[in-house]
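As a plain string of letters, each chain reads:
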Amino acid sequence: MSTADRDREANRFSARAGRYASVGANVGGVAARMAMSRLFGKEGTTNAAALAQALGGLKGPIMKVAQLLATVPDLLPPEYAAELQKLQADAPPMGAAFVKRRMQAELGAQWMSRFGSFDLKPAAAASLGQVHRATTTDGQPLACKLQYPDMQSAVEADLKQLEVAFALHRRMNSWIDTREIAKEIGARVREELDYEREAKHARLYGAVLKDIDAVRVPTVHPDLSTGRLLSLGWLEGEKILGFTEQDVEIRNRIAQAMFKAWWHPFSRAAVIHGDPHLGNYTVFRDGDEPAGINLLDYGCVRIFHPRFVGGVVDLYRGLLTNDEARTVHAYETWGFRDLDKEKIEILNIWARFIYGPLLEDRVRTVADGVKPGEYGRKQAFQVHQALKERGPVTVPQEFVFMDRAAVGLGAVFLHLKSELNYHRLFEAEIEQFSIDALMKRQGKALDAAGLARPT
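UniProt's Sequence similarities (unreviewed entry) comment on the protein is quoted here verbatim: "Belongs to the protein kinase superfamily. ADCK protein kinase family."

Structure below.
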């Protein structure tokens, strides 16, 4: 019996066909307008806003893909990136009757008896599913993430549309090769559909961060989880934007916890959370005092080979000491090919921006005077212009989410207006760095979580 025969929600042609129609109808008209506008030299913010509006009406995985595209430097014109970054991915929630049917499909006819309580009204809705508050039979609070129906078919349909869009991009803008970017986005979005894998990610993060008091990871409840239902312990917290006007000491404490949440797993297990948007963490209190962050979502986690982390360290050391050979070695380790002096300088524009706060041994903000929505746009424009003259450059697959995480994390620090010595924080994470030691730690952590080691 095939997977499709066993699983009514496997990747189905009928569901894909319906999705093709809805995506094509909404985006096709905008694409035609964009082509005409480009032909007559009038492309601008009007078309960008129209595209964002079309995608916003679709919801589902195409929304997530759009948000990912907006964070890849130099992939989209600034006006398009700015509009797509506004998308909030808040899908219309499933109604109570529909939720009951979904839960029965996942846990059986007596599913309600397995919970102490279950709120049929969602606490949050996003692009691929929605979250419900519940309790275990012994009263432990839960966050139950329930996937929308037919998401596998929707993802495959939307990714096929993405392939078409990328092919058009390569024909119109030959200075950046997007094929590896498309592969990476496709792989990560498909992984996000697998809630059993996400449960393993959560267990991995729980183990890696177990000694970091400032970062809390929810407990997985496997007896109440399936491939499309993930039940985690509920972590009480407050939105991070509610702390942007607090005393600098509090803002710095939150920012330092964020730094730990991203860089500690990277340096200890070669994994990074690839989706640092504001909905994926909250601030918890110890008594009345804000004390750290809750890390809530584990769908978009990137597992790297330890040599990639070695490249990150090499590039940092190379920029710090103006060691050109080490810098070039780092780019080649990441997978950049056919580099010459001019292309290296282009890459260095972006690298100096990303690494800038880490290179200066002083207390500073991430980027004084820069608005969060404009973070990195100047450097992206410089890279864009230079690549038009010297390209093309193929962006390696592993680079995409590493870069997205760095830019997203920097934007959080901008929101908080934190003032920290990022150099010393980073040095503490990579102290006595060794690829061999990292490989051993990572292997042990991945094996314990039930995740495959990278090849």
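The discussion continues.
Draft legend 1. Just the side chain of T136, in detail. Its location among the elements puts T136 in the loop between β3 (129-135) and β4 (141-147). Side-chain polar atoms of T136 contact the side chain of D138, separated by 2.3 Å. Excluding anything up to four places from it in sequence, T136 contacts F115, G116, L142, H221 and L224.

Draft legend 2. Representation of unusual backbone geometry in the model. Located in the positive-phi region is N322, a residue other than glycine, with phi close to 55°. Position of N322 relative to the elements: it lies in the loop between α11 (306-321) and α12 (324-334). One non-glycine residue, D338, lies in the positive phi region at around 55°. Looking at the secondary structure, you find D338 in the loop between α12 and α13 (341-359). Residue D338 is classed as exposed on the basis of its relative accessible area of 67%.

Draft legend 3. Examining the pattern of salt bridges more closely. All chains considered together, the criterion is met by 22 salt bridges. Between R352 and E345 there is a salt bridge whose closest N-O contact spans 4.0 Å. A relative accessible area of 43% means that R352 is categorised as partly exposed. In this structure, the salt-bridge partner of R364 is E360, at a minimum N-O distance of 3.2 Å. Of the residues examined, R364 reaches a relative accessible area of 13% and is grouped as buried.

Draft legend 4. Up close: the sheet that holds strand β10 (residues 289-295). Across the sheet, which stays open at both edges, the 3 strands sit in the order β6-β10-β9 with mixed pairing between neighbours. Looking at the sheet topology across the chains shown, the edges are occupied by β6 (215-216) and β9 (281-286). Bridge count between β9 and β10: 6 bridges; the pairing is antiparallel. If you follow R285 over to β10, its bridge partner there is P290.

Cut-offs applied
- Residues numbered from 1 in each chain as written.
- Predicted model: local features only at pLDDT ≥ 70, side-chain atom pairs only at ≥ 80, totals over all residues.
- Heavy atoms only, no water.
- UniProt positions renumbered as here; feature names shortened; annotations may be inferred.
- Helix = DSSP H or I, 4+ residues; strand = E, 2+ residues; numbered from the N terminus.
- Polar contact = N/O pair within 3.5 Å; in protein donor to acceptor, adjacent residues only side chain to side chain.
- Contact = heavy atoms within 4.5 Å.
- Buried < 20%, exposed > 50% of the residue type's maximum accessible area, 1.4 Å probe, protein only.
- Salt bridge = Lys/Arg side-chain N within 4 Å of Asp/Glu carboxyl O.
- Pairing = 2+ DSSP bridges.

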